[in-house]
Amino acid sequence: MAQQIFYTLFLFLLFTTMLTASSAPVATGTSKRAINFIEASCKATTYPTVCVNALSGYANSIQTSPRRLAETALNVTVTQAQSTKVFVWRLGRFKTLKKREIQAIKDCIEEINDAVDRLTKSIYEVKMCGSAKGRDQFWFHMSNAQTWTSAALTNANTCSDGFAGRVMDGRIKNSVGARILNLGRGTSNALALINAFAKKY
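These lines cover the structure that appears in this document, whether it is placed above or below. (Residues numbered from 1 in each chain as written. Predicted model: local features only at pLDDT ≥ 70, side-chain atom pairs only at ≥ 80, totals over all residues. Heavy atoms only, no water.)

## A closer look at the pattern of salt bridges
Then comes step 1: Going through the model one piece at a time under the given rule, you end up with four salt bridges.
Then comes step 2: Of the charged contacts in the structure, one is a salt bridge between Asp169 and Lys173, with a shortest N-O distance of 2.8 Å.
Then comes step 3: With a relative accessible area of 41%, Asp169 lands in the partly exposed category.
Then comes step 4: Of the residues examined, Lys173 reaches a relative accessible area of 23% and is grouped as partly exposed.
Then comes step 5: Each of Arg67, Glu71 and Lys127 takes part in a single network of salt bridges with overlapping partners. (Salt bridge = Lys/Arg side-chain N within 4 Å of Asp/Glu carboxyl O. Buried < 20%, exposed > 50% of the residue type's maximum accessible area, 1.4 Å probe, protein only.)

What follows is the structure, encoded as structure tokens:
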């Protein structure tokens, strides 16, 4: 019961702080050491340029902490997923949609909802890694974080699969595809940074 209350409070604080997360600028006087750390860490991801662009604005809070780097990457990705969900939902209101497009959009929104939930749980697990007492507790939370983030990546891919095939070609497919591609890249990078954090333990 106490753990559930803590998790609920954690979610409230998380979404409160994420309201401005997607637009945080690079702060004046940002530590060069922190920027170098982010750039070096992002080299381990599949999309390093995307990684640096997304995270360099948070250098002052990340500093040289692998945990805070992974946590920040997840926070940014959750914000991106929420934005993508709103975008796809708005597309679903178009009056000229085909039946298959309507169904694909509906399924995609469900997948993104699941992705947001799983990424949020992953943030919680990464945060708990920072206060873990002993190796077993650390790896328990780390394994959960890796599992949730990997599942969120699958959600993004599943959404994209719903628009596969020539019959779905058109503006809707292209618009959703571009957003989901970016979400998938952000999620992939977050997973890579979680794995890198695990190796530092």
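Okay, back to it.
## Brief notes about unusual backbone geometry
Then comes step 1: Backbone geometry places Gln63, a non-glycine residue, at a positive phi of 55 degrees.
Then comes step 2: Inspection of the secondary structure puts Gln63 in the loop between helix 4 (59–62) and helix 5 (66–91). (Helix = DSSP H or I, 4+ residues; strand = E, 2+ residues; numbered from the N terminus.)

## Section: the packing of aromatic side chains
Then comes step 1: Considering all chains together, one arrives at four aromatic pairs under this definition.
Then comes step 2: With a centroid separation of 3.8 Å and an interplanar angle of 5 degrees, the aromatic rings of Phe138 and Tyr201 are classed as stacked. A residue pair is termed long-range when its members are at least 10 positions apart, and Phe138 in helix 7 (residues 135–161) and Tyr201 in the segment after helix 8 (171–200) qualify at 63 residues.
Then comes step 3: Ring geometry for Trp139 against Tyr201: centres 6.3 Å apart, planes inclined by 85 degrees, an arrangement best described as edge-to-face. Of the two residues, Trp139 sits in helix 7 while Tyr201 sits in the segment after helix 8, which places them 62 residues apart along the sequence.
Then comes step 4: On the accessibility criterion, Tyr201 (44% relative accessible area) is partly exposed.
Then comes step 5: Among the aromatic residues, those joined into a cluster by ring pairs are Phe138, Trp139, Phe197 and Tyr201.
Then comes step 6: The ring of Phe87 has Arg179 sitting right over it, with the charged end atom 4.1 Å from the ring centre. (Phe/Tyr/Trp six-rings, centres within 6.5 Å; stacked < 30°, edge-to-face > 60°. Lys NZ or Arg CZ within 6 Å of the ring centre and 35° of its normal.)

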